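Below are the chains, spelled out letter by letter.
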Amino acid sequence: MVTYIIRRLIWGVVMLAIVSMTTFAIFFLVPRLAGATSDSLAARYVGRTANAEQVKIAAERLGFNDPLIVQYGRFAKGIVVGADYNYGPGVERCPAPCLGYSFLTRLPVWPDLLTRLPVTISLALGAAVIWLIAGVATGVVSALRRGSFFDRASMSIALAGVSLPIFFTGIVSLVLFSYGRPFAITAPGGSFTPFFTNPVQWAYSLLLPWITLAFLYAAGYARLTRSGMLETMNEDYIRTARAKGLTERVVVFKHGLRGALTPILTIFGLDLGLLMGGAVLTESTFSLPGIGKYAIDAITSQDLPKVMGVVLVTAFFVVLANLVVDLLYAVVDPRVRLT
Amino acid sequence: MSESPEPLLSVQGLEKHFPITKGLIKRQVGAVKAVDGLSFDVVKGETLGLVGESGCGKTTTGRLITRLLEPTGGKVVFEGRDITHMSQGALRPLRRDMQMIFQDPYSSLNPRHTVGAIVGAPFRIQGVKTEHGTKKAVQDILELVGLNPEHYNRYPHEFSGGQRQRIGIARTLALKPKLIIADEPVSALDVSIQAQVVNLLEDLQNELDLTYVVIAHDLSVVRHISDRVAVMYLGKIVEIADRQALYEAPMHPYTTALLSAVPVPDVKRRTERERIRLQGDVPSPLNPPSACRFHTRCWKAQEICKTVEPPLAELATGHQVACHFPENAPKDAVPGDAGTAVPA
Amino acid sequence: MSFLELNDLRVHFPTDDGLVKSVDGLTFKLERGKTLGIVGESGSGKSVTSLAILGLHKGGRAMISGEIWLDGEELVSASAEHVRTLRGKKMAMIFQDPLSAMHPYYTVGAQIVEAYRIHHHVSKAVARKHAIDMLGRVGIPQPERRIDSYPHEFSGGMRQRAMIAMALSCDPELLIADEPTTALDVTVQAQILDLMRDLQQEFNSALIIITHDLGVVAELSDDILVMYGGKCIEYGTAEDIFERPEHPYTWGLLGSMPRLDRARTERLMPIKGTPPSLINVPSGCAFHPRCAFEGRTGGKANTQVPELLETEGGHLVRCHLPREERRAIWENEIKPNLESV
Ligand SMILES: Nc1ncnc2c1ncn2[C@@H]1O[C@H](COP(=O)(O)OP(=O)(O)O)[C@@H](O)[C@H]1O
Ligand SMILES: Nc1ncnc2c1ncn2[C@@H]1O[C@H](COP(=O)(O)OP(=O)(O)O)[C@@H](O)[C@H]1O
Ligand code: SF4
Ligand code: SF4
Ligand SMILES: [Mg+2]
Ligand SMILES: [Mg+2]
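Reading guide: rules and limits
Residues numbered from 1 in each chain as written. Chains lettered and ligands numbered in written order. Predicted model: local features only at pLDDT ≥ 70, side-chain atom pairs only at ≥ 80, totals over all residues. Heavy atoms only, no water. Helix = DSSP H or I, 4+ residues; strand = E, 2+ residues; numbered from the N terminus. Rg over C-alpha atoms; globule rule 2.2 N^0.38 Å. Buried < 20%, exposed > 50% of the residue type's maximum accessible area, 1.4 Å probe, protein only. Core = buried A, V, L, I, M, F, W, Y, C linked by side-chain atoms within 4.5 Å. Contact = heavy atoms within 4.5 Å. Buried area = accessible area lost by both parts, 1.4 Å probe. Salt bridge = Lys/Arg side-chain N within 4 Å of Asp/Glu carboxyl O. Polar contact = N/O pair within 3.5 Å; in protein donor to acceptor, adjacent residues only side chain to side chain. Nonpolar A, V, L, I, M, F, W, Y, C, P; charged D, E, K, R; others polar. Phe/Tyr/Trp six-rings, centres within 6.5 Å; stacked < 30°, edge-to-face > 60°. Lys NZ or Arg CZ within 6 Å of the ring centre and 35° of its normal. 1 Å grid on protein atoms, 1.4 Å probe; cavity = no way out; pocket = protein on both sides within 12 Å on 5 of 7 lines; lining within 4 Å. Points joined across faces, edges and corners; volume = space filled by probe spheres on them. Pairing = 2+ DSSP bridges. Axes fitted to C-alpha atoms, helices over the stretch in contact; angles between N-to-C directions. Domains from an automatic or database assignment. Near = heavy atom within 4 Å. Areas by Shrake-Rupley, 256 points an atom, 1.4 Å probe, with all protein chains shown as cover. Expected span 1.5 Å × (residues − 1). pLDDT = per-residue confidence, 0-100.

Novice: Any chance you could explain the overall build of chain B here in plain terms?
Specialist: Within chain B, the regular secondary structure consists of 10 helices and 12 strands. A globule of 344 residues ought to have a C-alpha radius of gyration of about 20 Å, and chain B, at 21 Å, matches this closely. For chain B, the spread of C-alpha atoms along the principal axes amounts to about 65 × 60 × 50 Å. Counting every position in chain B, which comprises 344 residues, the buried fraction comes to 55%.

Right, here's the structure in full:
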């Protein structure tokens, strides 16, 4: 078990290293291979208004003329211990973890992300709780009453849920449920309130985005749970559980659901990890100042370091979620502990 | 030991150790000694039965002989040619002569191919031209194994388990092989169907002059079908003899115990039968017991059994046993006598 | 009334392809302390029968009719909830593959404790002591340590012992073992059969052992019921079935089996064809397409379903052939072949 944990941890670190290399490759190497010169690269960092001279200086300062290894080394070192950007007039400090430095706003990216993280985390966690409960419950009931009206209705809705784009369901829910609308369930104001400022207001402000986002995922989870339950309820050990004389409730929840939920755990971890990198569409639709919104803004203003920062943070959360899922798996499924 | 100068198949000291890795860097910490020094010959036209409990290495042996697995030691000689480490390319022509029948008639046939395609595949793979075309050749084989040739275009799921096993047999027969390795060919089948397939295998052997190695855990089926029988325990042959000698006067305690464990449908004698009951399960091949691997379950075990490995020695003509204290042994026989030149 | 009585039990499943008549009119009796062996090829309805006795088809799509009397109580018409309270306590079951039949995520001990505590209101500690005791009784060494193992950490034989411990934990009066040794090696099978024999004597329970292996039934059974296509085609004492069988299907089973206790026969005598689909059971005698003696019944075989009739002293046979003719065929045509050298 201990070696298992250690191995997973080391694997996580390796994954992060690979992620940083890939990110580096995407933002520095690929444009190069596509024919970009160090100047044209630098141009993306200083913005459209700069003249050729400024670009040249920037390219030099950014080290785009150095060998790639050196550039990656600097990039990786920045993440670990921070980096300094010589900006002509003075040196700008980008403290660790330096995930990038925006030359448009002249600010490091990480502190920006840090202020937006609570929004994204609030959105993701809240939605996750809702979709997990709603999705699993729907899936279980559908599986137990296979072919019933409930099953067919909920599975049709679920199909719609996984196929409809979020800005559609988002706008529909805004039209129907936001303040002043026929089925209003949000408070006036509507913009994000931090949890520690006012928990009630916090929940209120996020209710609609939560439901919209959760609907999308709940649909998928309902389908997954349903097929998982149908499969486990056919297992021999369910027959054994019934043969012991257990009540159907115990059979379903203690024996059936336990088996069916394990694979869902993996997917849940991944989904949650990915969402930590920003629910782009939900955040834009509801104008929530989260990481997804940040990413969209960065892309529109062509602020590459910000985009890179978001990619790194997302990757970090995905790797972290994977790690947690793997460890949880070992707790949930004793057969995994062998390795 | 065989009288004929050149056996069709000769296996010498065959070994397969599967590595076990552990820890952060997948260090090899041990090996599953699935097959650990097998030696036997198979003469043309005979059937050698390979019996033993699950996990003793029967399937691995079959896959080593047909080179679906690469041995980690020893030699496999087929028709005088050493094929132990032959490349897959060089093996290809030999595959015509050596075929394998698998246990599971459900998973061993591709569900998306018709019977015609499955049975005809060997022709195509080997690029064999037949006189009246592949279809005619395939239909002839289907008829031979007792299937309706008109079912040429059907899919495996349209057949019952026994019929599927016939399709599997038909496939192996396509190129008129000399040697067939059958791995548990009837264990997945119902009793009445088992008998049909056993009879079919026997008829085909007579008609086509086939040589069989039949792997099975069912001792009664093995007795019925084999001319000679090898008993395996934890990767080793503990006894090999002619069918009659092995079943009527088994020398190895394990063979005796196996035979006595088989339930027989004889109600009159069920109370009076002398039973030998082994304790426990087969130990793990990862950490097999020292010296005689059977000593942890053997009722005749002595100190020497734990320290000195009994060699597989010929105690009567054609009857080899690896035991220090064999049963039914001729009085003058000396177990493990160096005089009997048998590789141990 | 006997301890267990089945009366014209029918279990039919409506499916998209048609009605599956898995069990079609099964009648038998079983006393405490006795063992009934049910043999038949796969798909003959053996497992469906055992699940029906335990009431495990209730609530599903199965259509059940007939009667199942257990200790004076009728179970087919009883409520699902009532039958549940009997399950595990009054009647218990051992399944074929102990690896898939035990929950992979719970320890062996937890699963036995659970089985015990549904029917006994005792503390976890008491139930655990009982579980350790049961594991010891079925021959698991160091039960106080092994109780906390997971099923995958046990060998096949140990798992089946644990399964038996679980089934016996509430001291059931009826034990049904469905292919209890099919997944095991012969040496382990022998151990498990010995164990079941001993435990049955100790607990004096009624035992039903279901298998396709005639050798296994012969080892344990007092009475034997041969099933074909959802029906009983022959029923009798173990001696009746093995010494003087009267049904062509039973002859076929005996002729198909290579036997270690006899000299080797040159050739097996298989039954031709394959077992019937239970959706389209052949008309008349379900066995007639495969029967070697079908021609001798004067055209009745494929039109009239033969009745299960007593031939002598409780020995029942479902065949149109006259009794004398059956006996003559057995003595002159079948038996000599089974014993030929
Ligand atoms: N690919 C493999 N890797 C590791 N161990 C293996 C592999 N294949 C088989 N084994 C092990 O080798 C032993 C012999 O297996 P097998 O030849 O399948 O036995 P049998 O056919 O007699 O049941 C078993 O302990 C099995 O677990
Ligand atoms: N739940 C079910 N729905 C439909 N058919 C079933 C069901 N359970 C069993 N059957 C069918 O009933 C027949 C008898 O099955 P079973 O009792 O399991 O046979 P066996 O004698 O091998 O134990 C089979 O043809 C099987 O397909
Ligand atoms: S060598 Fe010893 S332990 Fe091995 S089989 Fe013979 S008597 Fe038994
Ligand atoms: S009734 Fe006819 S077909 Fe059926 S078993 Fe008897 S002889 Fe055979
Ligand atoms: Mg095998
Ligand atoms: Mg069954």
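Read on for the rest.
Novice: Just checking my understanding: could you explain the nonpolar core for this structure?
Specialist: Soluble, globular proteins show a tendency: their nonpolar side chains are buried together. In this structure, C:Leu4, C:Phe28, C:Ile53, C:Leu174 and C:Ile208 are the most contacted members of the largest nonpolar core, which totals 82 residues. Examining the composition of this core, we find that eight residues originate from one element, helix α7 (residues 156-168) of chain C, more than from any other. Listed in part, the 58 residues of the second largest apolar core include A:Val19, A:Tyr101, A:Tyr217 and A:Leu288.

Novice: Any chance you could explain the interface of chain C and chain B here in plain terms?
Specialist: Accessible area lost on assembly of the parts is the figure often given for the size of an interface. Of the residues lining the interface, 48 residues belong to chain C; the matching set on chain B comes to 40 residues. Interface area for chain C against chain B, summed over the two sides, is near 3900 Å², with a carbon-plus-sulfur share of 53%. Our enumeration of links across chain C and chain B arrives at four salt bridges. Linking chain C to chain B there are 19 residue pairs in polar contact (both at pLDDT 80 or more). Where the side of chain C that touches chain B is concerned, the elements lending two or more residues are α7, α8 (186-203), α9 (214-220), α10 (238-243) and α11 (248-256) of chain C. Along the lines of polarity and charge, the residues of the side of chain C that touches chain B split into 20 nonpolar, 13 polar and 15 charged.

Novice: Can you help me understand the packing of aromatic side chains in this one?
Specialist: Aromatic rings considered in pairs are described by the distance between their centres and by the relative angle of their planes. Scanning the model with the defined rule gives 16 aromatic pairs over all chains in all. Where A:Tyr221 meets A:Phe268, the ring centres are 6.3 Å apart and the plane angle is 90°; that geometry is what we call edge-to-face. Taken as a pair, A:Tyr221 in helix α8 (residues 199-232) and A:Phe268 in helix α10 (residues 248-276) lie far apart in primary sequence, 47 residues in all. Measuring from ring centre to ring centre gives 5.3 Å for C:Tyr249 and C:Phe287, while their planes differ by 70°; the resulting arrangement is edge-to-face. Here C:Tyr249, found in helix α11, pairs with C:Phe287, found in the loop between α11 and β11 (308-312); they are 38 residues apart in sequence, far enough to count as distant. The two residues C:Tyr249 and C:Phe287 agree in class, both being buried. Ring pairs connect the aromatic residues A:Trp131, A:Tyr217, A:Tyr221 and A:Phe268, which therefore count as one cluster. Sitting above the plane of the C:Tyr106 ring, A:Lys254 keeps its charged end 5.5 Å from the centroid.

Novice: What should I look at first to understand the layout of surface pockets in this one?
Specialist: A water-sized probe, rolled over the atoms, reveals where empty space remains. Estimates place the volume of the second largest pocket at around 1300 Å³. A:Met233, A:Arg242, C:Leu56, C:Gly59 and C:Gly60 are the residues nearest the centre of the second largest pocket, which is lined by 32 residues in total. Mapped onto the lining of the second largest pocket, the elements with two or more residues apiece are α5 (109-144), α9 (236-243) and α10 of chain A together with β1 (4-15) and α2 (80-86) of chain C. When grouped by side-chain class, the residues that make up the lining of the second largest pocket number 13 nonpolar, seven polar and 12 charged.

Novice: Quick question: what am I supposed to make of the sheet that holds strand β7 (residues 174-178) of chain C here?
Specialist: Within a beta sheet, neighbouring strands are joined by backbone hydrogen bonds and run either parallel or antiparallel to one another. Residue and element names in this part refer to chain C. Reading across the sheet, the eight strands line up as β6-β7-β8-β3-β9-β10-β12-β11 and stay open at both edges, with mixed pairing between neighbours. With partners counted over all chains shown, the strands left at the sheet margins are β6 (91-94) and β11, one partner each. Across the sheet, the mean angle separating the axes of adjacent strands is 20° when strand polarity is ignored. Relative to strand β12 (residues 315-318), strand β10 (residues 231-237) runs antiparallel, the two being bridged by two bridges. Bridge assignment links Glu234 to a residue of β12, and that residue is Val317. Running at roughly 170° to β6, α7 makes contact with β6 and β7 of the sheet. Sitting on the sheet, helix α12 (residues 323-339) is in contact with β11 and β12, with an inclination near 65° to β11.

Novice: Would you mind going over the domain arrangement of chain C with me for this structure?
Specialist: In terms of domains, chain C is made up of domain 1 (103-171) and domain 2 (244-338). Taking only C-alpha atoms into account, the centre of domain 1 of chain C sits 44 Å from that of domain 2 of chain C.

Novice: Honestly, the sheet that holds strand β4 (residues 63-70) of chain C in this entry has me stumped. Any pointers?
Specialist: Residue and element names in this part refer to chain C. The antiparallel open sheet is built from four strands, whose spatial order is β2-β1-β4-β5. If you trace the sheet from one side to the other, it starts and ends with β2 (18-30) and β5 (73-74), each paired once. Pairing of β4 with β5 involves two bridges; the strand directions are antiparallel. Residue pairing for β5: Leu70 is matched across the bridge by Glu73. Strands β1, β2 and β4 of the sheet are contacted by helix α1 (residues 46-53), whose axis makes an angle of about 115° with β1.

Novice: What should I look at first to understand the site of ligand 1 in this one?
Specialist: All names here are of chain B. Lining the immediate surroundings of ligand 1 are Phe18, Val32, Ala34, Glu53, Ser54, Gly55, Cys56, Gly57, Lys58, Thr59, Thr60 and Pro285. At 2.6 Å from an oxygen atom of ligand 1 is found a main-chain nitrogen or oxygen belonging to Gly55. Backbone polar atom of Gly57 to an oxygen atom of ligand 1: 3.0 Å apart, as the coordinates give it. In isolation ligand 1 offers 560 Å² of accessible surface; the protein chains occlude 62% of this area. Secondary-structure elements contributing two or more residues to the shell around ligand 1 are β2 (27-42) and α1 (58-65). Here the shell around ligand 1 takes three residues from α1, the largest share from any one element. The class makeup of the residues in the shell around ligand 1 is five nonpolar, five polar and two charged.

Novice: What is the right way to look at the site of ligand 3 in this model?
Specialist: The environment of ligand 3 is formed by 13 residues, the closest being B:Cys292, B:Cys298, B:Cys305, B:Cys323 and B:His324. Its residues assigned to classes, the shell around ligand 3 comprises nine nonpolar, three polar and one charged.

Novice: What should I look at first to understand helix α5 (residues 124-137) of chain C in this one?
Specialist: Each full turn of the α-helix corresponds to 3.6 residues, which orients residues three or four apart in the same direction. All names here are of chain C. End to end, α5 covers 20 Å across 14 residues, agreeing with the expected 20 Å (1.5 Å per residue, within 8%). Buried within α5 we find Ala127, His130, Ala131, Ile132, Met134 and Leu135. Next to the buried residues of α5 lie α4 (108-119), α6 (143-146), α7 and α8. Where α5 ends, the next residue or the one after it, Gly139, has phi of about 85°, a positive value.

Novice: Explain the pattern of salt bridges here, please?
Specialist: A side chain with one charge may pair with a side chain of the opposite charge, provided their charged atoms come close. Overall, the coordinates contain 44 salt bridges over all chains when judged by the stated rule. The partner of B:Arg293 in a salt bridge is B:Asp36, with the nearest N and O atoms 2.5 Å apart. Of this pair, B:Arg293 sits in the loop between α9 (253-261) and α10 (303-307) while B:Asp36 sits in strand β2, and the two are 257 residues apart along the sequence. A relative accessible area of 10% places B:Arg293 in the buried class. C:Asp194 is the salt-bridge partner of C:Arg197, the closest N and O atoms lying 3.0 Å from each other.

Novice: What exactly am I supposed to notice about the environment of B:Lys135 here?
Specialist: Its place among the elements puts B:Lys135 in helix α4 (residues 133-144). Taking the C-alpha atoms as reference points, B:Lys135 and B:Pro149, separated by 14 residues in sequence, lie 9.7 Å from one another.

Novice: When you look at the confidence of the model for chain C in this model, what are you seeing that I'm missing?
Specialist: Reading fine detail from the predicted coordinates is not recommended where pLDDT is low. Across chain C, pLDDT averages 93, with 99% of residues at or above 70. Scoring of the predicted complex yields 0.86 for pTM and 0.91 for ipTM.

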